[in-house]
Amino acid sequence: MNGLRVASLMAATMTTGLVAGVYGIYANAFMPGLGKTDDRTFVAAFTAVDRAILNPLFLGLGFVGALLLTLLAGVVNLKEKALPWIAVAFVLYLISMIVTIAVNVPLNDALRAAGDPATIDVAAARAAFDEAKWTTYNLVRTVLALVSFGLLGWALFLTGKSAVQP
């Protein structure tokens, strides 16, 4: 059981860190870079990346996997000192998912639904997208996922510490 406790917590930590990193890259590089482009480039690049990230590896292993692995880590650590940290990490990551599904995804979908950047009014599509709202909520989900990652790291530390103590 100790192996499952550690493995599930390690997997939860790694996948949560992966998602936090993706959100962080969007906040730190992708959106600031796109923000400096013309409307056609913005719409074309953003929708292309949005289509590419909707894949089983990121959605299954990363986005949803982080939540499920954190839940598993909590279940197998029910009687351990790390449980409160895992539980808070789970709640924070869940909130980051809710923000993503409630705010970022509908904005992404609306931009993609606007149509082919070669044939639409890209200035209108970009204005309707609301970059400021998207980036603000991306920052919120970045912080939530990053704190969740940190809490899972702390839970790993506590788990390792308890494993070596008599």
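Up top is the structure.
Note that the structure is a prediction, hence the values are computed from the model and not measured. (Residues numbered from 1 in each chain as written. Predicted model: local features only at pLDDT ≥ 70, side-chain atom pairs only at ≥ 80, totals over all residues. Heavy atoms only, no water.)

A. A look at the overall build of the protein. Across its full length, the protein holds six helices and zero strands. The N-to-C order of helical and strand elements in the protein reads α-α-α-α-α-α. On the principal axes, the C-alpha backbone points of the protein span a range of 70 × 25 × 20 Å. The buried share among the 166 residues of the protein stands at 38%. Contacts in the protein between residues at least 24 apart in sequence constitute 82% of all its contacts with a sequence separation of at least 6. Summed over its atoms, the accessible surface of the protein is roughly 8500 Å², and 74% of this surface lies on carbon and sulfur atoms. Of note, the protein has its 11 positive side-chain charges centred 16 Å away from the centre of its 9 negative side-chain charges. (Helix = DSSP H or I, 4+ residues; strand = E, 2+ residues; numbered from the N terminus. Buried < 20%, exposed > 50% of the residue type's maximum accessible area, 1.4 Å probe, protein only. Contact = heavy atoms within 4.5 Å. Areas by Shrake-Rupley, 256 points an atom, 1.4 Å probe, with all protein chains shown as cover. Lys, Arg positive; Asp, Glu negative; His and termini not counted. Charge placed at Lys NZ, Arg CZ, Asp CG, Glu CD.)

B. Structural detail: the environment of Val88. The topology assignment puts Val88 in helix α4 (residues 83-113). Sequence-wise, Val88 and Ser148 are 60 residues apart; in three dimensions their C-alpha atoms are separated by 7.4 Å.

C. Structural view of the packing of aromatic side chains. By the definition in use, this model includes 10 aromatic pairs. Taken together, the ring pairs in this structure connect Tyr26, Phe30, Phe42, Phe46, Phe129 and Trp134 into an aromatic cluster. (Phe/Tyr/Trp six-rings, centres within 6.5 Å; stacked < 30°, edge-to-face > 60°.)

D. Looking closely at the environment of Ala12. Here Ala12 shows up in helix α1 (residues 2-35). By relative accessible area, which is 0% here, Ala12 ends up buried. Separated by 75 residues in sequence, Ala12 and Ala87 have C-alpha atoms that sit 12 Å apart. Once residues lying within four places of it in the same chain are set aside, the contact partners of Ala12 are Leu69, Thr70, Ala73 and Leu152.

E. Representation of the environment of Arg40. Structurally, Arg40 can be placed in helix α2 (residues 39-53). Separated by 76 residues in sequence, Arg40 and Asp116 place their C-alpha atoms 9.8 Å apart. Those residues in contact with Arg40 that sit more than four places away from it in its chain are Pro117, Ala118, Ile120 and Val122.

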